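Residues per chain are reported as follows:
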Amino acid sequence: MIRDNLMATAQALVANQKGLLAADESHSTIKKRFDAIRVENSEENRRRYRELLFTTEGIERYISGVILFDETLRQAARDGTPFAELLSRRGIMPGIKVDRGTKALALHPGEEITEGLDGLRERLAEYKRLGARFAKWRAVIAIKEQDVPTCFAMRANAHGLARYAALCQELDIVPIVEPEVLMDGDHDIERCEDVTSRVLEAVFTELDAHRVLLEGMLLKPNMIVAGLQCAAQEGLRRVSEATIRCMSRYVPAAVPGIVFLSGGQSAEDATDHLNAINSMGPHPWQISYSYGRALQAPVLAAWQGQQAHRLAAQQTFLKRCRLNSLACNGKYSRSMEAAE
Ligand code: 5MM
């Protein structure tokens, strides 16, 4: 029964060209976003901003689920409706980020490990009572000198992801497994492909060892792109071919969906890349998005914390959701950006 539920939920999250909104910024991350538009990082401003996103009319046509932060799952709209209920009523599934961020990995300079396994079973049970249908855990892999990332760091992070995923499935919560190879650095696209390949191989080895039901999870990986500081930035074709090659080699077809993170790409590039990847289909998995910055950066820029800009910010948000959903079908073109 749980297996059927997990599979049905995972499939529903990537059905009908819909994608996910990653709105699970921790306090320190949302502070950076608010600082850039000179908005105070208060609990009420965080609530106001999330309400702006979740009440945008029409997003349910494009967004299947929202990843929330612990605080947000416990917050409510101005009229008192808990956010989880507000989203569910609109046909959008509430999800929850359950990792507790990263710490330096002992004796491995420059590498990080994601924390949050202690007490996770109990926390998941509470999140489920609060309405969460799926969860997310992010492991972070940085590309640095020749021997970083190390095999050990990749294995340790993969192990954490798999333990998290198994705990989720035990409670009928769909795990989104996010091993993010960071874009920071001057590495070229080949290095990104090589590291992402090794990471994905480690992740699926651990998921298998932990008996995780692949049909009842989603993968949230990075696309294969050159580092942000690399002089050779590749075009659409190179990025999409490398991304598909890497996913085809390392992601089993049993996984129902791949929902990419945007990782620091501009909003337009993230949509364009998703479109190019889907144009080269059909693929064994649904390929969609779970963007944080690529959905929200233009919204924050339009909002600026001003009530008077609320509607403009919501229109910007709706547009990004719509364009990314078109990209899930390979029906987006860059000229659509200017058309509205
Ligand atoms: C929205 O940002 C998420 C939370 O990050 P922190 O825990 O660092 O505050 C993050 O996990 C996000 O879901 C993914 O990185 C994807 O977001 P982007 O911006 O890369 O699409």
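Residues numbered from 1 in each chain as written. Predicted model: local features only at pLDDT ≥ 70, side-chain atom pairs only at ≥ 80, totals over all residues. Heavy atoms only, no water.

**Concerning unusual backbone geometry**
No. 1: Following V148, the chain continues to P149 via a peptide bond in cis, the omega torsion being 15 degrees.
No. 2: Here P149 shows up in the loop between β6 (134-141) and α7 (151-170).
No. 3: For the bond from G281 to P282, the omega torsion is 5 degrees, close enough to zero to count as cis.
No. 4: Relative to the elements of secondary structure, P282 occurs in the loop between α10 (267-279) and β10 (286-291).
No. 5: One non-glycine residue with positive phi stands out, namely R38, at about 55 degrees.
No. 6: Looking at the element boundaries, R38 is found in the loop between α2 (27-36) and α3 (43-54). (Helix = DSSP H or I, 4+ residues; strand = E, 2+ residues; numbered from the N terminus.)

**Notes on the packing of α7 against helix α8 (residues 189-209)**
The geometry of a pair of packed helices is captured by two quantities: the angle between their axes and the separation between those axes.
No. 1: Interaxial distance between α7 and α8 falls to 8 Å at its minimum, and their mutual angle equals 40 degrees. Between α7 and α8, the interaxial angle falls into the category oblique. Our pair here, α7 against α8, has a crossing hand that is right-handed. Within the contact between the two elements, α7 uses C151, M154, A158, H159, L161, A162 and A165 and α8 uses V195, R198, V199, A202, V203, E206 and L207. (Axes fitted to C-alpha atoms, helices over the stretch in contact; angles between N-to-C directions. Parallel < 35°, antiparallel > 145°, perpendicular 65-115°, else oblique. Left-handed = near helix turned anticlockwise from the far one by under 90°. Contact = heavy atoms within 4.5 Å.)

**Here we look at the site of the ligand**
No. 1: Among the 17 residues in the neighbourhood of the ligand, the closest are listed as S26, T29, K97, K136 and S262.
No. 2: Within the side chain of K220, an N or O atom sits 3.1 Å from an oxygen atom of the ligand.
No. 3: Measuring from an oxygen atom of the ligand, one finds a side-chain N or O atom of S262 at 2.5 Å.
No. 4: Starting from 500 Å² of accessible surface for the ligand in isolation, the protein chains cover 90%.
No. 5: Mapping the ligand onto the cavity grids shows that it belongs to the largest pocket.
No. 6: Sorting the residues of the shell around the ligand by element identifies β6 and β7 (174-181) as the ones contributing at least two each. (Near = heavy atom within 4 Å. Polar contact = N/O pair within 3.5 Å; in protein donor to acceptor, adjacent residues only side chain to side chain. Areas by Shrake-Rupley, 256 points an atom, 1.4 Å probe, with all protein chains shown as cover. 1 Å grid on protein atoms, 1.4 Å probe; cavity = no way out; pocket = protein on both sides within 12 Å on 5 of 7 lines; lining within 4 Å. Sits in = over half its atoms within 2 Å of the grid points.)

**Examining the packing of α3 against helix α11 (residues 293-303)**
No. 1: Contact geometry for α3 and α11: axes closest at 12 Å, N-to-C directions at 115 degrees. As summarised for this structure, α3 and α11 are arranged roughly perpendicular, according to the angle between their axes. Relative to α11, the crossing made by α3 is right-handed. Contacts between α3 and α11 pair N45, R48, Y49, L52 and L53 from the former with Q296, V299, L300 and W303 from the latter.
No. 2: Its residues assigned to classes, the contact of α3 with α11 shows six nonpolar, two polar and one charged. (Nonpolar A, V, L, I, M, F, W, Y, C, P; charged D, E, K, R; others polar.)

**Thoughts on the packing of aromatic side chains**
How two aromatic rings sit relative to each other is set out by the distance from centre to centre and by the angle between their planes.
No. 1: Counted by the stated rule, this structure contains six aromatic pairs.
No. 2: Their ring planes at 55 degrees and their centres at 6.1 Å tell us that F34 and W303 sit as a pair that is tilted. Taken together, the positions of F34 in helix α2 and W303 in helix α11 put the pair 269 residues apart, joining distant regions of the chain. Each member of the pair, F34 as well as W303, carries the same accessibility label: buried.
No. 3: On the numbers, 5.1 Å between centres and 90 degrees between planes, the contact of F54 with F83 is edge-to-face. With F54 in helix α3 and F83 in helix α5 (residues 83-89), the pair connects residues that are 29 residues apart, well separated along the chain.
No. 4: The exposure class of F54 is buried, given its relative accessible area of 1%.
No. 5: For F83, a relative accessible area of 0% puts it in the buried group.
No. 6: Each member of the aromatic cluster is reached from another via a ring pair, and the members are F34, Y49 and W303. (Phe/Tyr/Trp six-rings, centres within 6.5 Å; stacked < 30°, edge-to-face > 60°. Buried < 20%, exposed > 50% of the residue type's maximum accessible area, 1.4 Å probe, protein only.)

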